[in-house]
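Residue-level listing of the chains:
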Amino acid sequence: MKPVAFDYERPRTLNAACALLASEDLLAKPLAGGQSLGPMLNMRLVQPDLLVDITRIPELWRVEEDKSVVVEIGACITHAAIEDGCVPGVTGGILASVAGGIAYRAVRNRGTIGGSLAHADPAADWVACLAALGAEVVLHGPAGQRTLPLGGFVVGALEVALEAGEVLEAVRVPILSPNARWGFYKFCRKTGEFAEAIGAVVHDPDRGVARAVIGATHSRPIVLEEASVIFGTAASGGRGSFDRNAASELMKAAGLDPDPYFFQVHLVALERAVDQL
Amino acid sequence: MSAKSLEMKINGAPVSAQVEPRQHLADFLRETRLLTGTHLGCEQGVCGACTLLVDGKPVRSCITFAVACDGAEVQTIEGLDDDDIMKALRAAFSAEHALQCGYCTPGMLITARDIVLRLPDADAPRIRVELSGNLCRCTGYVGIVRAVERVLAARRGRESDGAIRGSAATVGEA
């Protein structure tokens with residue numbers, strides 16, 4: 001249970017980190033909180049030549065509102081900081097609630113939002129929650145900065161669209177209207193473990209958003225951009241009006257694994273998320 | 001793979017060392033500082049036995065590399081002998097039979113102290129959720145939950161003493 005020997009660098013700027021990660025001769029991995037990478041290193045599932053610790057780069061610690069439309073969260077912001085309310089407003093409310101359910105406080109104290117997204121475990125909370133919020137990621141690389149929708153970034157299980165030398169710099173989360181409603185439900189057999197199924201829904205009529213996400217799939221989450229049909233009257237306070245048949249059809253059409261247990265547990269997670277609207 | 005220099009405070013004392021980057025914080029403390037109160041159970045961040053404080057916050061020292069803690073202040077269970085909350089927790093753990101073999105206890109105490117400080121109003125279900133990242137294979141957790149409840153109740157009693165005089169009389173000293 002000891003990692004292979006690796007080198008370690010701790011750059012102070014994004015450009016320096018990108019330069020270290022761009023090497024074609026070495027397997028270099030960025031290290032933030034290390035709460036996913038750490039176990040994989042200990043089990044030697046990852047055997048890097050170099051770890052690039054990005055936690056001392058000041059830009060990665062920002063939380064900034066952009067014209068009251070988007071809040072930009074630096075990649076090194078920890079789950080615990082989000083749980084404790086470092087993002088304001090309704091958007092901060094959903095983020096804090098989801099953050100508080102990730103693993104355990106000792107993990108949340110080091111684990112970061114950027115690290116979780118870049119690791120892209122399908123069962124991770126942020127992958128589903130941020131997809132439901134319609135978030136984007138900001139990537140910094142040798143060619144400068146680019147922005148991708150989350151759906152274009154998380155391309156599969158543990159697979160993201162980072163090019164050589166690129167670092168996930170920040171997550172851009174649209175700010176919800178004051179009237180927005182949301183729901184997030186995950187099935188875990190034990191508190192704090194990775195989810196078996198996740199349902200996440202965001203209903204923000206003022207911004208024309210009625211999105212549902214089925215998470216903890218075998219790959220990237222299934223995003224239903226127009227999910228009003230399954231909300232029924234839930235969005236206006238009519239609890240228990242989840243349209244099971246409509247949801248099943250949409251989930252089948254989206255290609256969710258039809259295994260009876262797998263399908264059912266995801267359907268019920270979605271139902272319970274809708275019930276929270 | 002070159003060793004890296006590391007400076008940190010361990011239980012209040014400044015320490016300089018050369019470390020291999022792959023050495024995690026728990027091995028560094030146990031093997032080079034002989035601070036064996038930090039226990040290693042799973043070495044994959046699941047069991048919680050290795051939980052200690054880095055800059056005042058509980059972290060898993062088996063998935064935290066020592067080199068990444070350069071400049072940090074580390075407190076292990078050995079460094080909390082004189083901490084008031086830890087004294088109260090130790091007494092409560094004894095009174096409530098919150099340990100048997102003791103392997104999980106250092107991590108349990110660090111987590112319990114965090115609950116007491118951060119969540120003064122936690123009830124038993126909340127304490128269970130917060131403790132869910134620390135595994136105990138002896139006690140069945142009942143005694144541990146009661147011990148944390150006992151310390152929280154005593155502190156609440158002390159705070160409201162005067163408003164509701166004597167309300168803490170049944171929960172004992174902590």
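Residues numbered from 1 in each chain as written. Chains lettered and ligands numbered in written order. Predicted model: local features only at pLDDT ≥ 70, side-chain atom pairs only at ≥ 80, totals over all residues.

Focus on the nonpolar core
Stated precisely, the cut-off is as follows: Joining buried Ala, Val, Leu, Ile, Met, Phe, Trp, Tyr and Cys residues through C-beta atoms within 7 Å gives a set, and that set is a nonpolar core. Exposure classes come from backbone-placed C-beta atoms, where a residue is buried if 20 or more other C-beta atoms lie within 10 Å of its own, exposed if 12 or fewer do, and partly exposed in between. Strands are runs of DSSP state E lasting at least two residues, helices are runs of H or I lasting at least four, and both sets are numbered from the N terminus onward. Contact between two residues is assigned when their C-beta atoms, built from the backbone, lie within 7 Å.
One finds Leu130 and Val201 of chain A together with Val148 of chain B to be the most contacted residues of the largest nonpolar core, which totals 139 residues. When residues of this core are assigned to their parent elements, the largest contribution, 8 residues, is made by helix 7 (residues 125-133) of chain A. With near-sequence residues (within four places) excluded, valine 201 of chain A lies in contact with Ala132, Trp182, Gly183, Arg211, Ala212, Ala227, Ala273, Val274 and Leu277 of chain A.

Digging into the domain arrangement of chain A
Put simply, the test is: As annotated, the domain borders come from an automatic or database domain assignment.
Here the domain parsing of chain A yields domain 1 (7-53), domain 2 (61-174) and domain 3 (181-275). Between the C-alpha centres of domain 1 of chain A and domain 3 of chain A there is a distance of 35 Å.

Things to note about the sheet that holds strand 6 (residues 136-141) of chain A
Whenever strands of a sheet pair, they do so through backbone hydrogen bonds, lying parallel or antiparallel. Residues and elements named next belong to chain A. This is how it is decided: Here, any two strands with at least 2 DSSP bridges between them count as paired. Axis definition: a line fitted to C-alpha atoms, limited for helices to the stretch in contact. Angles are taken between N-to-C directions and run from 0 to 180 degrees.
Here we have 5 strands laid out as an open sheet, ordered 4-5-10-6-7, and antiparallel in their pairing. A single partner strand is all that each edge strand has here, and the edge strands are strand 4 (63-66) and strand 7 (144-149). Neighbouring strand axes in the sheet, compared pairwise and without regard to direction, differ in orientation by 25° on average. Of the pairings in the sheet, the one linking strand 6 to strand 7 comprises 6 bridges and is antiparallel in character. Across the sheet, the residue bridging to glutamate 136 is proline 149, located in strand 7. Contacting strand 6 and strand 10 (167-174), helix 1 (residues 14-21) crosses the sheet at an angle of about 125° to strand 10.

Notes on the environment of alanine 81 of chain A
All names here are of chain A. With respect to the helices and strands, the residue alanine 81 is situated in helix 3 (residues 79-83). Taking the number of C-beta atoms within 10 Å as the measure of exposure, alanine 81 has 21 and is therefore buried. Counting along the chain gives 100 residues from alanine 81 to arginine 181, while the straight-line C-alpha distance between them is 23 Å.

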